[in-house]
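Single-letter residue listing:
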Amino acid sequence: MASKSGRNQNTDPNSRQARIAEMRRADQIRERRNKAIAITAASAIVVGLVGFGTWVLIDQKQAEERKQVAADKLRKESEEIRKKPVEGEQLWDAKKLGRNHVETPVKYEMNPPVGGDHHPRWMNCNGDVYKSPLPEVNAVHSLEHGAVWVTYNEKAPKADVDKLAATVGKTPYTLMSPIKEQTGSIMLSAWGKQLTVDSADDPRVTQFFTKYVQGEQTPEPGAACTSGLAGK
């Protein structure tokens, strides 16, 4: 038989209330601990995101600065190249080259022509590579817009033709076509300027492009090189 004192302990209201209070305190402690853990974790995530975002912004800024430095360097190098004459180039007085728009045949004093009266419609020269000869009167109009015209004859090695075609293809305000009757195997022409080379690897090719694609010799800088005549 249970003792009287034991029955009193099990049924004592004060004991039950004490246990309930203790359980509540334990729950409160556990809840505060969980909240602290959640706040700490959230803070860590926020700090991590802020840190990652800051790193991304810094990296983007550094990338932009590197691009700007490279662009400034390229611009300065191009300016220096434009100041130097191209060794071996032929020059014509731009003031003596006609600029009238005509729809009749024009006889040019040089081949390929580097300027003179020309057709009202230009050849497309947005990096266009033509496999067939072009009407001179239309190509000359492209030169007036600041294009460089690359021409070649049967003496030009195929590797050189392919390399020049790749360069023209990625360079706005340029065009390329064959001219069987020209004296040099590879010739580059701009308005009033012309250069003959034997190889696509001649460093003067790059110099000619840099100096005369939309160069100071251009009578109509910024004029269109698209929406003109398309050849084959």
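A. A look at unusual backbone geometry. The residue after Asn 111, namely Pro 112, is reached through a cis peptide bond having omega 0°. By the element assignment, Pro 112 lies in the loop between strand S1 (90-91) and strand S2 (126-129). Phi at Tyr 173 is positive, roughly 60°, even though this residue is not glycine. Inspection of the secondary structure assignment puts Tyr 173 in the loop between helix H4 (158-169) and strand S4 (174-178). The phi dihedral of Ser 227 is positive, around 60°, even though this residue is not glycine. Looking at the element boundaries, Ser 227 is found in the segment after helix H5 (203-212). Overall, Ser 227 belongs to the exposed group, its relative accessible area being 67%.

B. Broad picture of the sheet that holds strand S5 (residues 186-190). With respect to topology, six strands assemble into an open sheet ordered S1-S6-S5-S3-S4-S2, the strand pairing being mixed. The two strands at the open ends of the sheet, each matched to only one other strand, are S1 and S2. Alignment of S2 against S4, held across three bridges, turns out to be parallel. In the sheet register, Asn 126 faces S4, and the bridge partner there is Thr 174.

C. Local environment of the pairing of S4. Among the five residues of S4, five are classified as buried, and the element is accordingly described as predominantly covered. Alternating positions in S4 separate into two faces, Thr 174, Met 176 and Pro 178 on one and Leu 175 and Ser 177 on the other, with burial throughout. Sheet topology places strand S3 (residues 148-152) next to S4; five bridges connect them, and they run parallel. The residue bridging Trp 149 from the neighbouring strand is Leu 175, located in S4. Viewed along the sheet, the connection from S3 through H4 into S4 turns out right-handed.

D. Structural context of the packing of aromatic side chains. Enumeration according to the criterion identifies one aromatic pair in this entry. Between Phe 208 and Tyr 212, the ring centres sit 4.8 Å apart and the planes meet at 65°, which makes this aromatic pair edge-to-face. One end of the pair is Phe 208 and the other is Tyr 212, both in helix H5 and four residues apart, which spans about a single turn.

E. Up close: the pairing of S5. A large share of S5 lies buried, amounting to five of its five residues. Summarising the sheet, S3 and S5 pair through four bridges and their orientation is antiparallel. For Trp 149, the partnering residue across the bridge sits in S5 and is Ser 189. Between S5 and strand S6 (residues 193-197), which pair antiparallel one after the other, the connecting turn spans two residues, and Gly 192 there sits at a positive phi close to 80°.

F. Representation of the pattern of salt bridges within the structure. Within the structure shown, the criterion is met by seven salt bridges. In this structure, Glu 144 engages Arg 99 in a salt bridge whose closest nitrogen and oxygen atoms are separated by 2.8 Å. With Glu 144 in helix H3 (residues 136-144) and Arg 99 in the loop between S1 and S2, the pair connects residues that are 45 residues apart, well separated along the chain. Through salt bridges with shared partners, one network takes in Arg 99, Glu 144 and Glu 220.

The rules we used
Residues numbered from 1 in each chain as written. Predicted model: local features only at pLDDT ≥ 70, side-chain atom pairs only at ≥ 80, totals over all residues. Heavy atoms only, no water. Helix = DSSP H or I, 4+ residues; strand = E, 2+ residues; numbered from the N terminus. Buried < 20%, exposed > 50% of the residue type's maximum accessible area, 1.4 Å probe, protein only. Pairing = 2+ DSSP bridges. Right-handed = clockwise from strand over helix to strand, strands pointing away. Phe/Tyr/Trp six-rings, centres within 6.5 Å; stacked < 30°, edge-to-face > 60°. Salt bridge = Lys/Arg side-chain N within 4 Å of Asp/Glu carboxyl O.

Note that every value here comes from positions in space, so none of it alone points to a role or purpose.
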